[in-house]
Amino acid sequence: MKRLIVCLLLVVSELALAHKPSDSYLQLESRDDSTVITGQWDIALRDLNLILPLDTNRDGLIMWGELLGQQPAIASQILSTLTVNAMTDRQTADCPLSLTGLQVSDHVDGRYAALHLRGNCPIAPQFLEVDYQFLFAQDPEHHGLLKLRHNDDVLTATFSDGQRQQQLSQDSVWQSFQGFIGQGIHHILIGYDHILFLLTLLFPAVLVWRTGGWQPAPSMTMALGQTLSIVTAFTLTHSLTLALATLGIISLPSWLVESAIAATVAIGAVANLLPRFFPRRWVMAFVFGLIHGLGFASVLADLGLTSSGIFLPLLGFNIGVELGQVAIVMVFVPIAYLMRQTHFYQRIFVPAGSLSIMVLAGVWLVERLA
Amino acid sequence: MTVSWIHRTRPTDRGTCHHRNRMVTRFFVALFSLLAGLAGAAPYTPASDDQVLAELTPAEQALGQPDRADNEADAIRKARTYVDYARQQEDARFLGYALATLSPWSDSSSPPTVLLMAEIELRQHQFDNARARLQSLLSKRPEQGQGWLMLANLERVQGRFDDATHACRRGAGSLSPVTVVICQGSIQAVTGKLPQAWQTLNRLAEQGLAAPGNEQRWLYTLLAEMAIQKGLPNQAQRHIDMARLVAPDDPYLTYLQSDVWLKQGHNDKVITRLQHWQERENALLRLSIAGQRSGHPDASQWQQAYQKRIAAARQSGRDIHLREQARFQLEVTGQYLAALANARANWDQQRELPDLRLLLASARTNSDPESLQLATDFIQRHEIHDATLQQLQENQP
C-alpha cells in the first residue's frame, strides 16, 4: 500500500511520454467516375502483433517471413475491421475490400506493415463513408488517420474509440473554410481597436465639412459614396498586409504593430476634431489599413496555420473580417444617416465621441509602448 | 484587442548576419522535415524472409494476445504493471493497454480502480477528467490519502496553490506526517516560502525520515528542483545522485540531470548519457539542444528526428507535448513566434516552474507585452523565487 501511495506522487510532473501513442495511417483514393477504390493502410507491427501472432517462433523478433505468413489472416481478420461505403445522394453501397499486396514501410516510431487495398464498389462514389474498428478493444487510445484523395481533393479524418465512423465529402474542406470565416467575423467583432478605427472614420461619412462646420450630407448617394470609399480603401490595404504577413513576407514585432494600431485610432479621432487638415478620409483608411492587416495576421497565426494549407484559411479569415466589417457598417451608417441632421449628432456625438476615442486610444498607445 | 503578436527576429550581438543565415537554414530544415514527416513513407518489400523487421521487448512479447482479466483485482494488478511500464519506458501505448484492461470496470467506485484511472488520465493530460474523478472519490472516501496527494499535485501543476495546500492538509488524516510535510513543501517552494521548504526538506533528508524507496526518490527530486530554483547546480546534482540510488534509470531524473548539465554547458555529458535513448522524444529534444550547442555531427539528424515526432503527434491530433515543443522551437529551431504560441497554450494547462520559465523566455524573445505581463503577474502574485526567472527578468531587452 505504501509503495502504491508514493508511486503516484511523481505522476504529474513527468507526464509527457516519449513514444508516440498508437496510430495507423490509411490512405484511400477514389473518383466519382470509377467504382474502384485503392488504398494503402500502414499498421505498426507492434499493433498488428496484438491481434495476430507475428512472432511465430517466439524469439522476440518479427521477421519478414513471419509477417508474410500472416497474410491470409491479415486479409480476413484485419480487413474486416474496416468498412468503406460508396455513397451518392440516393444510395449507399458497401465496397468489399481485398488485400492486393503486403509490404513494409518506415515511420518515425518504427516499422509498419503496409497493406495494399482494393475495394470494388457497386456504384461510383460521390463521397465515402468509412467505418473503422481496428485495435480499439486492445488499445482505446489508438487513432486511425485517414487521408482520402477523392478526385483531386484531399480530405482527412481521424478515427478514435469515440468516433469510429466518418463521412467524407467535400464538406470537410468547406467546413474548415467556414470555421476560418467564423474566426474572421469573431475577430473583427471582438477587436475593439479595429471597430473603433472604422467607426471613427465613418462618423463623418454622413456629413460634409463646409467652411468651419459640419453639414448633413445632401443625399443618400453621397453618404453611401463616402462610406464605400472608406470601407473599400481599408479593405484593400488590410487584405494586402494580412496576406503578406501570413505568407511570412512581412514580419514586424507585435509591440510595434499593436502600438501603431492604437496610434491609427487616435489619429482617426483627431482627424474628426480637426477635419480641415484631413480632407480625404479614404486616404487615411487606405494607409492605416496596412497596419490593421498586420494585426489581423497575428490572430490568424495564433489559430495555428501550417504552411501546407495557407490559401483557404487566409481567404476564409479575410472574408470573415469583411463580413464582420459590413455588419458594423450596416448597423452604424443607417443610424448615423438618420441622425445626421440633428444638432446632437453634429455638435455633440461626433466631437465628444471622437475625443473619448482619442483619449482611449492614447491610453492604449502608452500601455502598448510601455 | 485579443492576444496577438508578430514574429520578431531578434539579432544578437554576436555575428548578426551569420546568426540570421543560420536561422533561415534552420527554418528550411524545419519546414522540410515537417513536410517529410507528413508525407507517407514509401512502402517496400524486404529482400529476404529472414530480414528482421522489428524487435519486441519482453513486455511486448508478453502482450501477445492480451487475455482478459477475470476480476477487478487482477485487472488492477495488470493495468498497474502497464502504467508502470509506460512510465519507465515512456511508452504511451501501454497506457492504452491499461485502459483496455480496466475497461470492464471503468465505472467501478472501488478506490484503487478510480485512482488508477485518474493516474492514466493525468498522464494523458486529461486534467479536468482526473480532477473530477478524484474529487468524486474523495467526497465519498476522504480517507483515501493517495487520492489527496494526487489532487494536490494536480492542483500544484495547474498553479492552483491554495487548492493544492488544502488537498495536502485533507490528506493528513490518512497519510504519514512525513508525506504531508513533503507535500506541503512542494507547494511552499513555489509560493514564496522556498527557504522554509528548503530547510524542512533538507532536515527530513538528513534525518533519513522519508520512507525508503519512492518517498525518498520524491524527496530528493524535490530537493534537486529546489536547488535548481536557488541557482545551486552542484547541490542539485548531489540530490539527483541520491534519488538515482533509489531509481537508477528513472526517466524524469535522467532528464532533470540533463537539464542541469545543459545549464552548466556540459553538452558532452548530455550526449553520452542520452545517446542510447534516441527512440525517446524527451531524450531527442535534449540531444538536439546539446548537439546544436556543441556542433555535434549528429545534431541535425536528432533535430530532424524530433521535428518528425512533433509532426506525427500533430497529425494524429494528440499534441500534448506543448512544453517540449515550445522549448525545441525556442532553443533549437529559433521559431520564436511558434514557441510563444505553444508556451501560451501550454500555460493554459500546466503552470510548473519549467512552464513559467518557457513562457517568460518566449515572451521576452518576442517582446510580447501581454505574455510578459501574464508571467510577471503570476511571479508576483505567488512570490515565486527562481534563479532562471530572475535572470530572464533582469536581462532587459
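Residues numbered from 1 in each chain as written. Chains lettered and ligands numbered in written order. Predicted model: local features only at pLDDT ≥ 70, side-chain atom pairs only at ≥ 80, totals over all residues. Heavy atoms only, no water.

## Considerations on the overall build of chain A
Then, number 1: Within chain A, the secondary structure is distributed over 11 helices and 13 strands.
Then, number 2: Buried positions account for 54% of the 370 residues belonging to chain A.
Then, number 3: When contacts within chain A are restricted to residue pairs at least 6 apart in sequence, those whose partners lie at least 24 apart make up 69%.
Then, number 4: Accessible area for chain A stands at about 15,500 Å²; split by element, carbon and sulfur atoms hold 62% of it. (Helix = DSSP H or I, 4+ residues; strand = E, 2+ residues; numbered from the N terminus. Buried < 20%, exposed > 50% of the residue type's maximum accessible area, 1.4 Å probe, protein only. Contact = heavy atoms within 4.5 Å. Areas by Shrake-Rupley, 256 points an atom, 1.4 Å probe, with all protein chains shown as cover.)

## Quick word on the side chain of Arg281(A)
Residue and element names in this part refer to chain A.
Then, number 1: Relative to the elements of secondary structure, Arg 281 occurs in helix α9 (residues 281-302).
Then, number 2: Buried within the structure, Arg 281 lacks any salt-bridge partner; Asp 193 is the closest side chain of opposite charge, at an N-O distance of 17 Å.
Then, number 3: In this structure the side chain of Arg 281 is engaged in a polar contact, spanning 2.7 Å, whose partner is the side chain of Asn 272.
Then, number 4: Those residues in contact with Arg 281 that sit more than four places away from it in its chain are Thr 200, Leu 201, Pro 204, Ile 230, Gly 268, Ala 271 and Asn 272. (Lys, Arg positive; Asp, Glu negative; His and termini not counted. Salt bridge = Lys/Arg side-chain N within 4 Å of Asp/Glu carboxyl O. Polar contact = N/O pair within 3.5 Å; in protein donor to acceptor, adjacent residues only side chain to side chain.)

## Some thoughts on the environment of Leu102(B)
Residues and elements named next belong to chain B.
Then, number 1: Locating Leu 102 in the fold gives a position in helix α4 (residues 93-102).
Then, number 2: The buried category is assigned to Leu 102, whose relative accessible area is 0%.
Then, number 3: Residues Leu 102 and Ala 69, 33 residues apart in the sequence, show an inter-C-alpha distance of 8.6 Å.
Then, number 4: Setting aside residues up to four positions removed in sequence, Leu 102 forms contacts with Ala 75, Ile 76, Ala 79, Thr 113, Leu 116, Met 117 and Ile 120.

## Focus: the side chain of Asp131(A)
Residue and element names in this part refer to chain A.
Then, number 1: Along the chain, the position of Asp 131 falls in strand β8 (residues 127-132).
Then, number 2: Polar side-chain contacts of Asp 131 include one of 3.1 Å to the side chain of Gln 133.
Then, number 3: Excluding anything up to four places from it in sequence, Asp 131 contacts Thr 81, Leu 82, Thr 83, Arg 164 and Gln 165.

## Focus on the state of the cysteines
Residue and element names in this part refer to chain A.
Then, number 1: In the structure shown here, the tally under the stated rule is two disulfides over all chains.
Then, number 2: Shown here is the disulfide that connects Cys 95 with Cys 121, its sulfur atoms set 2.2 Å apart. Residues Cys 95 and Cys 121 are joined through a disulfide that is right-handed, its torsion about the S-S bond being 105°. Linking Cys 95 in the loop between β5 (92-94) and β6 (97-107) with Cys 121 in the loop between β7 (110-120) and β8, this pair joins segments that are 26 residues apart in sequence.
Then, number 3: Here Cys 95 falls in the buried class, since its relative accessible area comes to 1%. (Disulfide = S-S within 2.5 Å.)

## Remarks on the environment of Ala312(B)
Then, number 1: Along the chain, Ala312(B) falls in helix α16 (residues 299-315).
Then, number 2: When sequence neighbours within four positions are dropped, the list of residues in contact with Ala312(B) reads Lys20(A), Tyr25(A) and Val108(A).

## Considerations on the interface of chain A and chain B
Then, number 1: Taken together, the contacts link 85 residues of chain A with 90 residues of chain B.
Then, number 2: With both sides pooled, the region where chain A packs onto chain B buries about 7,900 Å², and carbon together with sulfur makes up 58% of that total.
Then, number 3: Joining chain A to chain B, the criterion identifies four salt bridges.
Then, number 4: A salt bridge links Asp47(A) to Arg93(B); the shortest N-O distance between them is 2.9 Å.
Then, number 5: The interface formed by chain A and chain B includes 16 residue pairs in polar contact (both at pLDDT 80 or more).
Then, number 6: Within the side of chain A that touches chain B, the residues separate by chemical class into 44 nonpolar, 22 polar and 19 charged.
Then, number 7: Direction of pairing for strand β3 (residues 61-63) of chain A relative to strand β1 (residues 52-55) of chain B: antiparallel, over a ladder of three bridges. Its bridge partner lying in β1(B), Met63(A) is registered against Val52(B). (Buried area = accessible area lost by both parts, 1.4 Å probe. Nonpolar A, V, L, I, M, F, W, Y, C, P; charged D, E, K, R; others polar. Pairing = 2+ DSSP bridges.)

## Examining the packing of helix α15 (residues 281-294) of chain B against helix α17 (residues 322-333) of chain B
Residues and elements named next belong to chain B.
Then, number 1: Running from N to C, α15 and α17 point in directions that differ by 10°, and their axes come no closer than 10 Å. Between α15 and α17, the interaxial angle falls into the category roughly parallel. Within the contact between the two elements, α15 uses Asn 282, Leu 285, Arg 286, Ser 288, Ile 289, Gln 292 and Arg 293 and α17 uses Glu 324, Arg 327, Phe 328, Glu 331 and Val 332.
Then, number 2: Grouping the constituent residues of the contact of α15 with α17 by class yields four nonpolar, three polar and five charged. (Axes fitted to C-alpha atoms, helices over the stretch in contact; angles between N-to-C directions. Parallel < 35°, antiparallel > 145°, perpendicular 65-115°, else oblique.)

## Quick look at the pairing of strand β4 (residues 82-87) of chain A
All names here are of chain A.
Then, number 1: Most of β4 sits out of view: five of its six residues are buried.
Then, number 2: When β4 meets β5, the two strands line up antiparallel, connected through three bridges. Paired with Met 87 across the two strands is Thr 92, which belongs to β5.
Then, number 3: Counting the residues that bridge the hairpin from β4 to β5 gives four residues.

## Some details on a nonpolar patch on the surface
Residue and element names in this part refer to chain A.
Then, number 1: On the surface, Leu 236, Leu 240, Trp 282, Val 283, Phe 286, Val 287 and Leu 290 cluster together to form a nonpolar patch covering roughly 590 Å² of accessible area.
Then, number 2: Of all the secondary structure elements, the ones that give two or more residues to the nonpolar patch are α7 (220-246) and α9.
Then, number 3: The element contributing the most residues to the nonpolar patch is α9, with five residues.
Then, number 4: Along the chain, the position of Leu 236 falls in helix α7. (Patch = residues over 30% accessible without salt bridge, like charges linked within 9 Å, V, L, I, M, F, W, Y side chains within 5 Å.)

## Quick notes on the pairing of β6(A)
All names here are of chain A.
Then, number 1: β6 sits mainly inside the fold: eight of its 11 residues count as buried.
Then, number 2: Relative to β7, β6 is paired through 10 bridges, and the arrangement is antiparallel. Within β7, the position partnered with Ser 105 by the bridge is Tyr 112.
Then, number 3: The hairpin formed by β6 and β7 contains two residues between the paired strands.

## Some details on the packing of helix α9 (residues 177-188) of chain B against helix α11 (residues 214-229) of chain B
Residues and elements named next belong to chain B.
Then, number 1: In contact at an axis separation of 11 Å, α9 and α11 are set at 25° when each is read in the N-to-C sense. Of the possible angle classes, the one that applies to α9 and α11 is roughly parallel. At the point where α9 passes α11, the crossing takes the left-handed sense. Across from Val 178, Thr 179, Ile 182, Cys 183, Gly 185 and Ser 186 in α9, the residues of α11 making contact are Glu 215, Trp 218, Leu 219, Leu 222 and Met 226. (Left-handed = near helix turned anticlockwise from the far one by under 90°.)

## Concerning the packing of aromatic side chains
Then, number 1: Counting across every chain of the model gives 20 aromatic pairs over all chains.
Then, number 2: Site record: aromatic cluster; members linked through ring pairs are Trp41(A), Tyr132(A), Phe134(A), Phe136(A) and Phe159(A).
Then, number 3: Looking at Arg340(A), its charged tip hangs above the ring of Tyr337(A), at a distance of 4.0 Å from the centre.
Then, number 4: Lying over the aromatic face of Trp277(B), Arg280(B) brings its terminal NZ or CZ to 3.9 Å of the ring centre. (Phe/Tyr/Trp six-rings, centres within 6.5 Å; stacked < 30°, edge-to-face > 60°. Lys NZ or Arg CZ within 6 Å of the ring centre and 35° of its normal.)

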